[in-house]
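Next come the chains, spelled out residue by residue.
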Amino acid sequence: MKEYSRIVIENYCRTHNRSKKSAFLLNLVDLSYTLDREPEDWEALRLAQYIDREKDPELKEALEDLDDYLFR
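Residues numbered from 1 in each chain as written. Predicted model: local features only at pLDDT ≥ 70, side-chain atom pairs only at ≥ 80, totals over all residues. Heavy atoms only, no water.

1. Considerations on the packing of aromatic side chains
Here is step 1 of the chain: With the rule as written, the count across this model stands at two aromatic pairs.
Here is step 2 of the chain: Ring geometry for Phe24 versus Trp42: centroids 6.0 Å apart, planes at 45°, classification tilted. One end of the pair, Phe24, is in helix H2 (residues 20-34); the other, Trp42, is in helix H3 (residues 41-53), with 18 residues separating them in the sequence.
Here is step 3 of the chain: Taken together through their ring pairs, the aromatic side chains of Phe24, Trp42 and Tyr50 make up a single cluster. (Phe/Tyr/Trp six-rings, centres within 6.5 Å; stacked < 30°, edge-to-face > 60°. Helix = DSSP H or I, 4+ residues; strand = E, 2+ residues; numbered from the N terminus.)

2. Looking at the packing of H2 against helix H4 (residues 57-71)
Here is step 1 of the chain: It is the contact of H2 with H4, at a shortest axis distance of 11 Å, that shows an interaxial angle of 50°. With respect to each other, H2 and H4 are oriented oblique. At the point where H2 passes H4, the crossing takes the left-handed sense. Touching Leu25, Leu28, Leu31 and Ser32 of H2 are Leu63, Leu66, Tyr69, Leu70 and Phe71, all from H4.
Here is step 2 of the chain: Tallied by class, residues from the contact of H2 with H4 come to eight nonpolar, one polar and no charged. (Axes fitted to C-alpha atoms, helices over the stretch in contact; angles between N-to-C directions. Parallel < 35°, antiparallel > 145°, perpendicular 65-115°, else oblique. Left-handed = near helix turned anticlockwise from the far one by under 90°. Contact = heavy atoms within 4.5 Å. Nonpolar A, V, L, I, M, F, W, Y, C, P; charged D, E, K, R; others polar.)

3. Overview of the nonpolar core
Here is step 1 of the chain: Counting 17 residues, the largest nonpolar core has Ile9, Leu25, Leu28, Leu47 and Leu63 as its most contacted members.
Here is step 2 of the chain: Aside from chain neighbours lying at most four places away, what touches Leu47 is Phe24, Leu25, Leu28, Leu63, Leu66, Asp67 and Phe71. (Core = buried A, V, L, I, M, F, W, Y, C linked by side-chain atoms within 4.5 Å. Buried < 20%, exposed > 50% of the residue type's maximum accessible area, 1.4 Å probe, protein only.)

Given below as structure tokens:
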């Protein structure tokens with residue numbers, strides 16, 4: 001996974017630090033660093049939903065990169 005994508009997601013999460021989406025995304029970014037467990041199927045589905053709904057092209061690309069790294 002590109003480090004730039006992690007930075008984009010982490011910056012989003014810092015500015016939206018009280019949302020369920022940001023908590024979920026930070027959890028996945030942390031997992032992308034450690035890979036200490038296998039991602040769950042429900043996490044893949046939720047991330048796909050966030051990707052489909054995302055309007056910011058930079059964040060959408062970063063989420064797609066995260067999806068490719070963890071789930072493909």
